[in-house]
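Here is what each chain is made of, one letter per residue.
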Amino acid sequence: MYLQNDCISKLFVLFIHILFILHALFVLQITMFSCNSLPNELKFDCLPKNKSDQIICEQINCCWTPENQTDTQWPWCYYSECYNNYNVINVSETNTGKIAFYNLTAMTYNNYKKNIKMLRLDIVFETPQRLRITIDDVHHKRYKPPYPKIHEFKEKSKQNNNNTIKLSDFNVRLAKTGVGFAVIRKSDDTILFDSRNIGGFIFSDQFIQLSALLPSKYIYGLGEHKTNLLLSSNWKMYTMFNHDSTPKPGINGYGSHPFYLLIEKSGKSHGVFLFNSNAMDILLQPAPAITYRVIGGILDFYFFSGPTPSDVISQYTKIIGRPFLPPYWSLGYHMCRYGQTFEDLIKVYNRTTKAGIPWDTHWNDIDYMDHKDDFTLSNNFNQLPEYVNSLHKVGMHHVIILDPGIPSRHFNENFFVPLKDGLKDDIFIKNFTGQPLEGKVWNNGGKTAFIDFTHPKATEFWKIQISNFLKVVNFDGLWLDMNEPANFVDGDLNGCLSFESDHWENPQYLPNIVGNHLNYKTICMSARHYAGVHYNLHNVYGLVETIATYDALSKLKNTRPFVISRSSFPGFGHYAGHWTGDINSSWDDMKQSITDIINFNLFGIPLVGADICGFHHNTTVELCSRWIQLGAFYPFARNHNDQFMKDQDPAALGTEVILSTKKSLLTRYSLLPYLYSLFWKAHIEGETVVRPLFFEYPFDDNTYAIDTQFLWGAALLILPVLKEKSHHVDVYLPRDTWYEFYNKNIILSNGSFFVIEAPIDTIPLMVRGGFILPTQMPSITTTLSRQNYYELLVATKRNQAAGFLFLDDGESLGTHQY
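Residues numbered from 1 in each chain as written. Predicted model: local features only at pLDDT ≥ 70, side-chain atom pairs only at ≥ 80, totals over all residues. Heavy atoms only, no water.

## Focus: empty space enclosed by the protein
Phase 1 of the analysis: Within the structure shown, the criterion is met by 8 cavities of 30 Å³ or more.
Phase 2 of the analysis: Its volume calculated, the largest cavity comes out at about 170 Å³.
Phase 3 of the analysis: Residue lining of the largest cavity: 17 residues in total, with Glu-224, His-225, Lys-226, Pro-247 and Asp-596 positioned closest to the centre.
Phase 4 of the analysis: The residue inventory of the lining of the largest cavity, partitioned by class, reads 5 nonpolar, 7 polar and 5 charged.
Phase 5 of the analysis: Roughly 120 Å³ of internal volume is contained in the second largest cavity.
Phase 6 of the analysis: Residue lining of the second largest cavity: 16 residues in total, with Asn-84, Val-179, Gly-180, Ser-195 and Phe-201 positioned closest to the centre. (1 Å grid on protein atoms, 1.4 Å probe; cavity = no way out; pocket = protein on both sides within 12 Å on 5 of 7 lines; lining within 4 Å. Points joined across faces, edges and corners; volume = space filled by probe spheres on them. Nonpolar A, V, L, I, M, F, W, Y, C, P; charged D, E, K, R; others polar.)

Given below as structure tokens:
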């Protein structure tokens, strides 16, 4: 009997094994079928950043299809169609959306450590035009960016909770298996974002991946990168990790903006924002599809329904903060250079004034500092306070540069107030021993400590130091540089070693960053802020410094602050403007600047410009002449160049550049009432100041890729010359009524290309029919211009036109509260 039972038992075990084998063969057959049937553009990489390896690929249950061609960009190792790491546990309805719970499957295969076992997906229909979807760890608190404080900006739904879902522009459908979801526009059933059974969803401690199919290839944003305006979907990687590098294609830039705007096939637009400040890669591939690979935090998506491009940006800036209203004088022309003596400064002033060039603001780079230390004045610049006072007497202004790093070892430590106060208040970023981390930036002493702007005492400390220096030099605005934060050594002068340094400095997945390690030319990822570890806070560092600076200037001057910063993150435009960094003096970089200023308007940062005539290398007369014409129509217009380069302020380059500069800047100054009114509109409604043509003509696909022309608002079209030895521009004019700005000739376009003459001293401009532009007789400063009479430039369309003018004193706080 025991023998009989034992035989039955063995037969049963054999039967079970056979079932397992049959099941495995069935799964293998299904997997092979789902692998072989996938077109190349739908292959999602199963081994990102790793060498393709068949053994590893098959171990993690992925598809393996090597290609003979060496120039193919699609992955050899990729996910099957039914690849799932999580099972649905429960889905429940709420008044404002849905909540779903997911459990990690027992047979999970991936390359990543510490996979999160249980996840919660929240779907919240916050307003009819805004949807929020988050995926988070159920059992453990994970990092979420403390800045910007989105809850301070976004409004509550005006409808009661029971109507929120019903009134939404969106539907959301969940995958029957796995964690995927689809966001759908109700009005036409367009699927805007579909992650159901797409790619391999992974949620581990330091690697989160989510892929989705998109409805079209017309994608914009995902900055800060040197790219075309219309982003390439041909297997292009866009890396978010703030870094001090001369802008080049294919590298991470000074800022991180994981936001995109997409034009659907219908001509409608929507936007998607991932609120996450950790380093990440975002891949676009031809399907079209998007893949997010993030090395920390959670997935926190906001979807904006538009339907116009302007609506999308207004909806986006509603949650991150509307752009600040700049002081009127800051819209004038600015001049600066690195490597100046005080005598050089005076020469620039004298020759510019003598030439009759309009300008408003003279800047100082770090040359004014003693030993290149913040809040100090070199003996070589001891006449600077008197010079600044003389600027004020003629209605001009002055801006100085500040860095977030101050000397950590000072020859006069007991009397160097910033270091003394900083040590007393304990507001420096710490290394693993609890002591101030020491790197190296400009300080001649050789060692630099970095202010922790997340510390509760840091804002007051910063305000006191600014206040003390205002008593020395009565400057009008601040320029924040090196705040990615930049560092001349990797991490710390003593290294980044600690018991947990490998966890923070060398995560398992490394985004496609410059230098190939996270602490390259910045501080240690394991460094400690009051608000947490630098690994999480790196990308928000410049934003928090900017908030502290804006707050300090508001209180100290009791006027509207003027702050320009290099590092940026969503929400930054609520406090400051941006310049595009250390670009080259080249025709290519001049052209690139158009895409840059458009993109930053998409990111809610309309006060933006590039260094006119370029920063690195020597400019030429023709290049600078054409660039000043373009730069006169940057929202923020400043000429700036590097040390050891020849002078490139316009008066130093001769008659041709002087004539071009005067004509362009006098035109700008005459249009400042219109430009200022656009900034007011941006401040209260979140509109863009500079915009691409497709914002006004979203149903004309000829406009979608144009990045050599741009608009001020809806009415003024700027057509710069971007090629050497050219005296005309080839332009596209959408179907509309257009007027040439200078001679008022009318062009009735059916949506055609035109050749427009462009003499050496002239940038072509067009005024759109149906609009009224407020103008003012220009003078050599905004102070004098504002005393002149106003005019209206009326461009009719079918005998009708409309416009608007915002007018105030140009500097008071709280002029208009939105």
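From this point on, the discussion continues.
## Brief notes about the state of the cysteines
Phase 1 of the analysis: Scanning all chains against the criterion turns up 5 disulfides.
Phase 2 of the analysis: There is a disulfide in this structure between Cys-57 and Cys-77, and the S-S distance comes to 2.2 Å. Residues Cys-57 and Cys-77 are joined through a disulfide that is right-handed, its torsion about the S-S bond being 100°. Highlighted residues: Cys-57 in helix α2 (residues 54–59) and Cys-77 in strand β2 (residues 77–78), separated in sequence by 20 residues. Take Cys-57 and Cys-77: they sit in the same class, and that class is buried.
Phase 3 of the analysis: The side chain of Cys-496 participates in a disulfide bridge whose partner is Cys-524; the two sulfur atoms lie 2.0 Å from each other. Between Cys-496 and Cys-524, the disulfide has an S-S torsion of -85° and is therefore left-handed. Highlighted residues: Cys-496 in the loop between β24 (477–480) and α9 (501–505) and Cys-524 in the loop between α9 and β25 (528–529), separated in sequence by 28 residues. The same class applies to Cys-496 as to Cys-524, namely buried.
Phase 4 of the analysis: For the protein chain, the disulfide bridges join cysteines in the arrangement 1-5, 2-4, 3-6, 7-8, 9-10, where the cysteines are counted in sequence order. (Disulfide = S-S within 2.5 Å. Helix = DSSP H or I, 4+ residues; strand = E, 2+ residues; numbered from the N terminus. Buried < 20%, exposed > 50% of the residue type's maximum accessible area, 1.4 Å probe, protein only.)

## Some words on the sheet that holds strand β34 (residues 716–718)
Phase 1 of the analysis: Strand order in the open sheet formed by 6 strands is β32-β33-β34-β39-β36-β37, and the pairing between neighbours is antiparallel. Either end of the sheet is taken by a strand with one partner, and the two such strands are β32 (690–691) and β37 (746–749). (Pairing = 2+ DSSP bridges.)

## Some thoughts on the side chain of Arg-691
Phase 1 of the analysis: Positionally, Arg-691 belongs in strand β32.
Phase 2 of the analysis: Separated by 2.6 Å, the side chain of Arg-691 and the backbone oxygen of Thr-688 make a polar contact.
Phase 3 of the analysis: Leave out the neighbours within four places in its chain, and Arg-691 touches Glu-696, Phe-710, Leu-711, Gly-713 and Ala-714. (Polar contact = N/O pair within 3.5 Å; in protein donor to acceptor, adjacent residues only side chain to side chain. Contact = heavy atoms within 4.5 Å.)

## Describing the sheet that holds strand β5 (residues 118–127)
Phase 1 of the analysis: Strand order in the open sheet formed by 8 strands is β3-β4-β5-β6-β18-β15-β14-β12, and the pairing between neighbours is antiparallel. The sheet is open, and its two edges are formed by β3 (86–93) and β12 (218–223), each paired on a single side. The mean inter-strand angle of the sheet, taken between neighbouring strand axes irrespective of direction, is 15°.
Phase 2 of the analysis: As paired strands, strand β4 (residues 97–104) and β5 are joined by 7 bridges and run antiparallel to one another. Within β5, the position partnered with Phe-101 by the bridge is Arg-120.
Phase 3 of the analysis: Contacts from helix α4 (residues 309–320) reach β6 (130–137), β14 (257–263), β15 (269–274) and β18 (299–304) within the one sheet, and its direction differs from that of β15 by about 25°. (Axes fitted to C-alpha atoms, helices over the stretch in contact; angles between N-to-C directions.)

## Quick look at the packing of helix α14 (residues 655–670) against helix α15 (residues 672–685)
Phase 1 of the analysis: Packing of α14 against α15 brings their axes to within 5 Å, and their N-to-C directions diverge by 55°. Looking at the two axes, α14 sits oblique to α15. In this structure, α14 contributes Arg-668, Tyr-669 and Ser-670 to the contact, and α15 contributes Leu-672, Pro-673 and Leu-675.
Phase 2 of the analysis: Residues belonging to the contact of α14 with α15 are distributed by class as follows: 4 nonpolar, 1 polar and 1 charged. (Parallel < 35°, antiparallel > 145°, perpendicular 65-115°, else oblique.)

## Quick notes on a nonpolar patch on the surface
Phase 1 of the analysis: A cluster of nonpolar side chains, Tyr-790, Leu-805 and Leu-807, forms an exposed patch at the surface whose accessible area comes to about 270 Å².
Phase 2 of the analysis: Note that Leu-807 resides in the segment after β41 (790–795).
Phase 3 of the analysis: Owing to a relative accessible area of 47%, Leu-807 belongs among the partly exposed residues under this scheme. (Patch = residues over 30% accessible without salt bridge, like charges linked within 9 Å, V, L, I, M, F, W, Y side chains within 5 Å. Areas by Shrake-Rupley, 256 points an atom, 1.4 Å probe, with all protein chains shown as cover. Salt bridge = Lys/Arg side-chain N within 4 Å of Asp/Glu carboxyl O.)

## Describing the side chain of Asp-137
Phase 1 of the analysis: As for its position among the elements, Asp-137 is in strand β6.
Phase 2 of the analysis: Of the side chains bearing the opposite charge, Arg-142 lies closest to the buried Asp-137, which forms no salt bridge; the N-O distance is 5.1 Å.
Phase 3 of the analysis: From its side chain, Asp-137 meets the backbone nitrogen of His-139 in a polar contact 2.9 Å long.
Phase 4 of the analysis: Apart from the residues lying within four places of it in its own chain, the contact partners of Asp-137 are Ile-116, Met-118, Leu-119 and Arg-142. (Lys, Arg positive; Asp, Glu negative; His and termini not counted.)

## Remarks on the confidence of the model for the protein chain
Phase 1 of the analysis: The share of residues in the protein chain with pLDDT of 70 or more is 93%, and the mean pLDDT across the chain is 92.
Phase 2 of the analysis: Below pLDDT 50 for its whole length, residues 1–33 participates in 2 contacts with residues either more than four positions away or in separate chains. (pLDDT = per-residue confidence, 0-100.)

## A short note on the packing of aromatic side chains
Phase 1 of the analysis: One pass over the full model with this rule turns up 50 aromatic pairs.
Phase 2 of the analysis: Aromatic side chains Trp-479 and Trp-579 sit 5.6 Å apart centroid to centroid with 80° between the ring planes, which places their arrangement in the edge-to-face category. Of the two residues, Trp-479 sits in strand β24 while Trp-579 sits in strand β28 (residues 577–579), which places them 100 residues apart along the sequence.
Phase 3 of the analysis: Positioned above the aromatic ring of Trp-579 is the side chain of Arg-638, whose terminal nitrogen or guanidinium carbon lies 5.4 Å from the ring centre.
Phase 4 of the analysis: The aromatic ring of Tyr-742 is capped on one face by Lys-663, whose charged end is 5.2 Å from the ring centroid. (Phe/Tyr/Trp six-rings, centres within 6.5 Å; stacked < 30°, edge-to-face > 60°. Lys NZ or Arg CZ within 6 Å of the ring centre and 35° of its normal.)

## A word on the pairing of strand β36 (residues 736–740)
Phase 1 of the analysis: Counting buried positions over the 5 residues of β36 gives 4, a clear majority of the element.
Phase 2 of the analysis: Note: β36 against β37, 4 bridges, orientation antiparallel. Along β37, the bridge assignment pairs Trp-738 with Ile-747.
Phase 3 of the analysis: Connecting β36 to the antiparallel partner β37 that follows it, the hairpin turn spans 5 residues, and Lys-744 within it adopts a positive phi of roughly 65°.

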